[in-house]
Amino acid sequence: MPKRVDHQQRRHEIAEALYRIAAAQGLPAVTLRAVAAEAGISMNLVQYYFPTKEEMLRFAWQRMVELSGERAGEGVLRALRTGDERAVVRAYLFGVLPTDERSRVLCAVQIAYFAVDVTRGGQAGDQEALGPHLVRALAEQLGRAQAKGAVPAHLDPRLEADTLAVMAAGLVSAMLTGAYDVDQATGIVDYRLDRIFTGT
């Protein structure tokens, strides 16, 4: 009997090949031919799943959002079980930082997509922005902590969430370029959270 092909798994493998190219060389280096070579399959097979580069880029972005969400979700779920909003906020922030090799690749690919969007006006896959989701989640946790007295009443949870999200975005770039390592980034995150969660 012919071997049954898992089409979704094949798409994921193609996306992984795209990530390796984008993380190392940037999104302009991504072509159907280059991805086929990286994946070790024929270009015809890549085109069977993704007739155009744009379709491949769009799928790869959506898959990356799933992978990033799964990674962040594990830490957030553990923190939610503690009932400690500070721990949850911390988990959300570390969920977007490049703290290991896998997350470094995903973060580098995100930046590659954003870099192309800046110059081409959103044509790198029509990705949905990740920032607003993070800000909403952070603001929700800060609001809950504020209701418990763990965060001062005069602070604006939404503005604090915006500040934390911008800080995290800056840390991503700084960590990828070696300006900060994981320990230094941890110190920066904890320093900032200590000044928000003054009631704990």
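Just above, that's the structure.
Residues numbered from 1 in each chain as written. Predicted model: local features only at pLDDT ≥ 70, side-chain atom pairs only at ≥ 80, totals over all residues. Heavy atoms only, no water.

1. Digging into the overall build of the chain
Turning to step 1, where the next piece is worked out: Helix and strand content of the chain: nine helices and zero strands.
Turning to step 2, where the next piece is worked out: When the 200 residues of the chain are sorted by exposure, 40% land in the buried category.
Turning to step 3, where the next piece is worked out: Roughly 10,800 Å² of accessible area belongs to the chain as shown, and the carbon and sulfur atoms make up 54% of that amount. (Helix = DSSP H or I, 4+ residues; strand = E, 2+ residues; numbered from the N terminus. Buried < 20%, exposed > 50% of the residue type's maximum accessible area, 1.4 Å probe, protein only. Areas by Shrake-Rupley, 256 points an atom, 1.4 Å probe, with all protein chains shown as cover.)

2. Observations regarding the nonpolar core
Turning to step 1, where the next piece is worked out: Ranked by internal contacts, the top residues of the largest apolar core, which has 28 residues, are Leu18, Leu27, Val30 and Met56.
Turning to step 2, where the next piece is worked out: Secondary structure elements with two or more residues in this core: helix H1 (7-25), helix H2 (32-39), helix H3 (43-49), helix H4 (53-82) and helix H6 (101-120).
Turning to step 3, where the next piece is worked out: The residues contacting valine 30, other than those within four sequence positions of it, are Leu18, Ile21, Ala22, Val35, Lys53, Met56 and Leu57.
Turning to step 4, where the next piece is worked out: With 27 residues, the next largest nonpolar core counts Val135, Ala145, Val151 and Met167 among its residues. (Core = buried A, V, L, I, M, F, W, Y, C linked by side-chain atoms within 4.5 Å. Contact = heavy atoms within 4.5 Å.)

3. Some points on the packing of H1 against H2
Turning to step 1, where the next piece is worked out: Closest axis-to-axis distance for the H1/H2 pair is 8 Å, and the angle between their directions is 105°. Classified by the angle their axes make, H1 and H2 are roughly perpendicular. Note on element contacts: H2 touches H1 through Ala34, Val35, Glu38 and Ala39, opposite Ile14, Ala17, Leu18, Arg20 and Ile21.
Turning to step 2, where the next piece is worked out: When the residues that make up the contact of H1 with H2 are grouped by side-chain class, the tally is seven nonpolar, no polar and two charged. (Axes fitted to C-alpha atoms, helices over the stretch in contact; angles between N-to-C directions. Parallel < 35°, antiparallel > 145°, perpendicular 65-115°, else oblique. Nonpolar A, V, L, I, M, F, W, Y, C, P; charged D, E, K, R; others polar.)

4. Things to note about the layout of surface pockets
Turning to step 1, where the next piece is worked out: Considered as a void within the structure, the second largest pocket measures approximately 180 Å³ in volume.
Turning to step 2, where the next piece is worked out: Lining the second largest pocket we find Arg71, Ala72, Glu74, Gly75, Arg78, Ala87, Arg90, Ala91, Phe94, Gly95 and Thr99.
Turning to step 3, where the next piece is worked out: Of all the elements in the fold, those that place two or more residues in the lining of the second largest pocket are H4 and helix H5 (85-94).
Turning to step 4, where the next piece is worked out: For the lining of the second largest pocket, the leading source of residues is H4, giving five residues.
Turning to step 5, where the next piece is worked out: Residues belonging to the lining of the second largest pocket are distributed by class as follows: four nonpolar, three polar and four charged. (1 Å grid on protein atoms, 1.4 Å probe; cavity = no way out; pocket = protein on both sides within 12 Å on 5 of 7 lines; lining within 4 Å. Points joined across faces, edges and corners; volume = space filled by probe spheres on them.)

5. Brief notes about H2
Turning to step 1, where the next piece is worked out: Along H2, the residues classified as buried are Leu32, Val35 and Ala36. Each buried residue of H2 lies within a common arc of 100° when the element is viewed along its axis, so the set occupies one face. Set apart from the buried face of H2 by more than 90 degrees, the exposed residues are Arg33 and Ala37.
Turning to step 2, where the next piece is worked out: As for H2, its buried residues are in contact with H1, H3 and H4.
Turning to step 3, where the next piece is worked out: Directly beyond the C-terminal end of H2, a positive phi value near 75° is found at glycine 40. (Arc of directions from axis to C-beta.)

6. With respect to helix H8 (residues 157-176)
Turning to step 1, where the next piece is worked out: Taking 1.5 Å per residue as the helical rise, H8 with its 20 residues ought to reach 28 Å, and the 28 Å between its terminal C-alpha atoms agrees with that figure.
Turning to step 2, where the next piece is worked out: Among all positions of H8, only Glu160, Ala161, Leu164, Ala165, Met167, Ala168, Leu171, Val172, Ala174 and Met175 are buried.
Turning to step 3, where the next piece is worked out: Where H8 begins, the capping side chain belongs to aspartate 156, and its oxygen is found 2.9 Å from the backbone nitrogen of arginine 158.
Turning to step 4, where the next piece is worked out: Positive backbone phi, at 85°, marks glycine 178, one or two positions downstream of H8. (Expected span 1.5 Å × (residues − 1). Polar contact = N/O pair within 3.5 Å; in protein donor to acceptor, adjacent residues only side chain to side chain.)

7. Quick look at the environment of isoleucine 196
Turning to step 1, where the next piece is worked out: Relative to the helices and strands, isoleucine 196 is located in helix H9 (residues 182-196).
Turning to step 2, where the next piece is worked out: Separated by 50 residues in sequence, isoleucine 196 and glutamine 146 have C-alpha atoms that sit 9.7 Å apart.
Turning to step 3, where the next piece is worked out: Sequence-distant contacts of isoleucine 196, defined by excluding residues within four places in its chain, comprise Leu142, Ala150, Val151, Pro152, Leu155, Glu160 and Leu164.

8. Comments concerning the side chain of glutamate 160
Turning to step 1, where the next piece is worked out: Take glutamate 160: it is sitting in helix H8.
Turning to step 2, where the next piece is worked out: On the basis of relative accessibility, which here comes to 13%, the residue glutamate 160 falls in the buried class.
Turning to step 3, where the next piece is worked out: Looking at glutamate 160, its side chain comes within polar contact range of the side chain of arginine 192, at 2.9 Å.

9. Overview of the packing of aromatic side chains
Turning to step 1, where the next piece is worked out: Taken as a whole and judged by the stated rule, the model has four aromatic pairs.
Turning to step 2, where the next piece is worked out: Each ring, one from tryptophan 61 and one from tyrosine 113, has its centre 5.1 Å from the other, and the planes form 55°; the classification is tilted. Of the two residues, tryptophan 61 sits in helix H4 while tyrosine 113 sits in helix H6, which places them 52 residues apart along the sequence. In this pair, the class of tryptophan 61 matches that of tyrosine 113, namely buried. (Phe/Tyr/Trp six-rings, centres within 6.5 Å; stacked < 30°, edge-to-face > 60°.)

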